[in-house]
Amino acid sequence: MEDCIFCKIVKEEIPCHKVYEDDDVLAFLDISPVNPGHTLVIPKRHYVDLLELPETEAQTLIARIKKIAPAVISGVEAKAFNLNLNNGKIAGQEVGHFHWHIVPRFESDGRELWRGQPYGEGEAEAILEKIKNLIK
Ligand code: AMP
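Draft legend 1. Structural view of the pattern of salt bridges. Evaluated as defined, the whole model comprises nine salt bridges. Where Glu21 meets Lys18, a salt bridge forms, and the shortest distance between an N and an O atom there is 2.9 Å. A residue is classified by how much of its surface remains accessible, and Glu21, at 37% relative accessible area, is partly exposed. For Lys18, a relative accessible area of 38% corresponds to the partly exposed category. Arg105 is paired through a salt bridge with Asp109; the nearest N and O atoms lie 2.9 Å apart. A relative accessible area of 17% means that Arg105 is categorised as buried. Salt bridges here are not isolated pairs; linked through shared partners, they connect Glu12, Lys18, Glu21 and Lys44.

Reading the values: the criteria
Residues numbered from 1 in each chain as written. Predicted model: local features only at pLDDT ≥ 70, side-chain atom pairs only at ≥ 80, totals over all residues. Heavy atoms only, no water. Salt bridge = Lys/Arg side-chain N within 4 Å of Asp/Glu carboxyl O. Buried < 20%, exposed > 50% of the residue type's maximum accessible area, 1.4 Å probe, protein only.

Structure representation (structure tokens):
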């Protein structure tokens, strides 16, 4: 896609710090890392989000993440990683080319995930009723 920054990275029209590449997948360091080694993993073909991504591409990406993530965390001597996907603008997706974030985690790095809170009485059942019949 012409105006897509990640497509431009794939076409080498703009530079990146390349972590991994094959025919289908590219991984590169995030320009503004949450933690050192923060890596983006993208399909080379342009899909806006997870819902547009064909199942075979999704499988390929997960298989590559299983290969890349251990190297990323070992390389920066991290203890673990978060695998993040911001799907849609309201969810924080800034770049409209599907991507996973591999974010290495270190002990006491101060990065906190959101805190949840329990459902109220009957709330989970009511929501479940609305969702489960819509799964196709
Ligand atoms: P998201 O908010 O999930 O769409 O994440 C987009 C990510 O892309 C952000 O973490 C940005 O720092 C990163 N990013 C944007 N432009 C570049 C670039 N040219 N090279 C590497 N990472 C980038």
